[in-house]
Amino acid sequence: MELKQRSIEAKAPLTIQGLSAAYQKKPVLRNVSFSVEEGELVGVIGPNGAGKSTMMKAALGLIPRLSGEVLVYGKPYKQQRKLVGYVPQRESVDWDFPTNALDVVTMGRYGHLGWFGRPGAKERAIALESLAKVGMADFAGRQISQLSGGQQQRVFLARALAQDASLYFMDEPFAGVDAATEKAIITLLQELKRQGKTVIVVHHDLATVQEYFDSVLLLNVELQAYGPTDEVFTQELLQQTYGGRLAFLDRSRNHSDMLATKG
């Protein structure tokens, strides 16, 4: 089946062309190209080791690229950093660092201050407002090491909000959170969409893909397919992406519940 892939638009929020990356000389991402439309929620789906987080990190310059170009609104990413927000995997953060929730969120404003600017009352007010939007205003003074996993995730989402970016990368924001935090996250994503923001989300729960995302990018080292969720999130393309490591649990509803199995 011909892969579903959108054309490259010069002024799209995100355009990736020929992106490749490797760990210890082993290719983990090969020649990935796609373009994202403005105001979309895009889910990045694939098996463990497929290169989903690697794609984000390589696009953001957090790890070296073997090749490829990343454009944000038609310009190289390095020129457009202020327009991009990033929420890393919670496991990759040093939560023992001695700082409180408000300070973490205020860091999201540093890109607006320049090299020598210091956050003042305006930045603190924006940080507090961002904490309130994720239900964490009462924890502003709490040390981040004393927060639960779901609360820590909300703090990092608030930091991204405070940055007031146009394009967001979120790496597994739903992983390991409770139901209340998951609801808060999807409410936030929908609000960002209403504001015309574009959000790229690495996601692992196939059962919620159709509910959460406008478009889906299927990745397994190489791009398998990309397009509107109702066109790409199909049994055929998912089996192609997961290589037989997929069990279809329930086809009786309007959407299938699916489980990626180990192997």
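Rules used in this analysis
Residues numbered from 1 in each chain as written. Predicted model: local features only at pLDDT ≥ 70, side-chain atom pairs only at ≥ 80, totals over all residues. Heavy atoms only, no water. Helix = DSSP H or I, 4+ residues; strand = E, 2+ residues; numbered from the N terminus. Buried < 20%, exposed > 50% of the residue type's maximum accessible area, 1.4 Å probe, protein only. Areas by Shrake-Rupley, 256 points an atom, 1.4 Å probe, with all protein chains shown as cover. Pairing = 2+ DSSP bridges. Contact = heavy atoms within 4.5 Å. Axes fitted to C-alpha atoms, helices over the stretch in contact; angles between N-to-C directions. Salt bridge = Lys/Arg side-chain N within 4 Å of Asp/Glu carboxyl O. Core = buried A, V, L, I, M, F, W, Y, C linked by side-chain atoms within 4.5 Å. Parallel < 35°, antiparallel > 145°, perpendicular 65-115°, else oblique. Left-handed = near helix turned anticlockwise from the far one by under 90°. Nonpolar A, V, L, I, M, F, W, Y, C, P; charged D, E, K, R; others polar. Polar contact = N/O pair within 3.5 Å; in protein donor to acceptor, adjacent residues only side chain to side chain.

1. As for the overall build of the chain
Move 1: Across its full length, the chain carries 8 helices and 12 strands.
Move 2: Taken across its 263 residues, the chain has 51% of its residues classed as buried.
Move 3: For the chain, the accessible area works out to roughly 12,800 Å², and carbon and sulfur atoms hold 48% of it.

2. Points about the sheet that holds strand 5 (residues 75-76)
Move 1: Taken together, 4 strands build an open sheet; the order of strands is 2-1-4-5 and the sheet is antiparallel. Looking along the sheet, the strands with just one partner apiece sit at the ends: strand 2 (26-36) and strand 5.
Move 2: Sheet strands touched by helix 1 (residues 52-59): strand 1 (14-23), strand 2 and strand 4 (67-72). Its angle to strand 1, the strand with the most contacts, is close to 115 degrees.

3. Overview of the pattern of salt bridges
Move 1: All told, the structure shown has 6 salt bridges when counted by the stated rule.
Move 2: Between Arg-30 and Glu-222 there is a salt bridge, with its nearest N and O atoms 3.3 Å apart. Of the two residues, Arg-30 sits in strand 2 while Glu-222 sits in strand 10 (residues 222-228), which places them 192 residues apart along the sequence.
Move 3: Salt-bridge contacts for Asp-214 lead to Lys-193; the nearest nitrogen and oxygen are separated by 2.8 Å.

4. Focus: the nonpolar core
Move 1: Ranked by size, the top nonpolar core spans 45 residues in total, and within it Leu-131, Val-155, Met-170, Leu-189, Leu-192, Val-199 and Leu-218 carry the most contacts.
Move 2: The element best represented in this core is helix 4 (residues 149-163), accounting for 7 residues.
Move 3: Ignoring sequence-local partners within four residues, the contact set of Leu-218 consists of Ile-45, Leu-223, Gln-224, Ala-225, Val-232, Leu-237, Leu-238 and Thr-241.
Move 4: Counting 30 residues, the second-largest nonpolar core is a separate cluster that includes Val-36, Met-55, Tyr-77 and Tyr-226.

5. Considering the sheet that holds strand 8 (residues 198-202)
Move 1: On the basis of which strands lie adjacent, the open sheet formed by 6 strands has the order 6-7-8-3-9-10 and mixed pairing. The sheet terminates laterally at strand 6 (84-87) and strand 10, the two strands that pair on one side only. This sheet shows a mean twist of 15 degrees between the axes of neighbouring strands, independent of strand direction.
Move 2: With 6 bridges connecting them, strand 9 (residues 215-220) and strand 10 associate as antiparallel partners. Bridge pairing links Val-216 to Gly-227 in strand 10.
Move 3: Against the sheet, helix 4 engages strand 6 and strand 7 (167-171), with an angle of about 175 degrees to strand 6.
Move 4: Seen against the sheet, helix 8 (residues 235-242) touches strand 3 (41-45), strand 9 and strand 10 and runs at an angle of roughly 30 degrees to strand 9.

6. Focus: the packing of helix 4 against helix 5 (residues 179-194)
Move 1: Packing of helix 4 against helix 5 brings their axes to within 10 Å, and their N-to-C directions diverge by 15 degrees. Comparing their axes, helix 5 and helix 4 come out roughly parallel. Crossing angle aside, the handedness with which helix 4 passes helix 5 is left-handed. Between helix 4, through Gly-150, Gln-153, Arg-154, Leu-157 and Leu-161, and helix 5, the contact on the second element is made entirely by Ala-180, Thr-181, Ala-184, Ile-185, Leu-188 and Leu-192.
Move 2: Residues of the contact of helix 4 with helix 5, tallied by class, amount to 7 nonpolar, 3 polar and 1 charged.

7. Focus: the side chain of Glu-40
Move 1: Mapped onto the secondary structure, Glu-40 falls in the loop between strand 2 and strand 3.
Move 2: Residue Glu-40 is classed as buried on the basis of its relative accessible area, which comes to 11%.
Move 3: Side-chain polar atoms of Glu-40 contact the side chain of Ser-215, separated by 3.1 Å.

8. Description of the pairing of strand 3
Move 1: Within strand 3, 5 of the 5 residues are buried, leaving the element largely enclosed by the surrounding structure.
Move 2: In strand 3, alternate side chains face the same way, and those of Leu-41, Gly-43 and Ile-45 on one face and Val-42 and Val-44 on the other are all buried.

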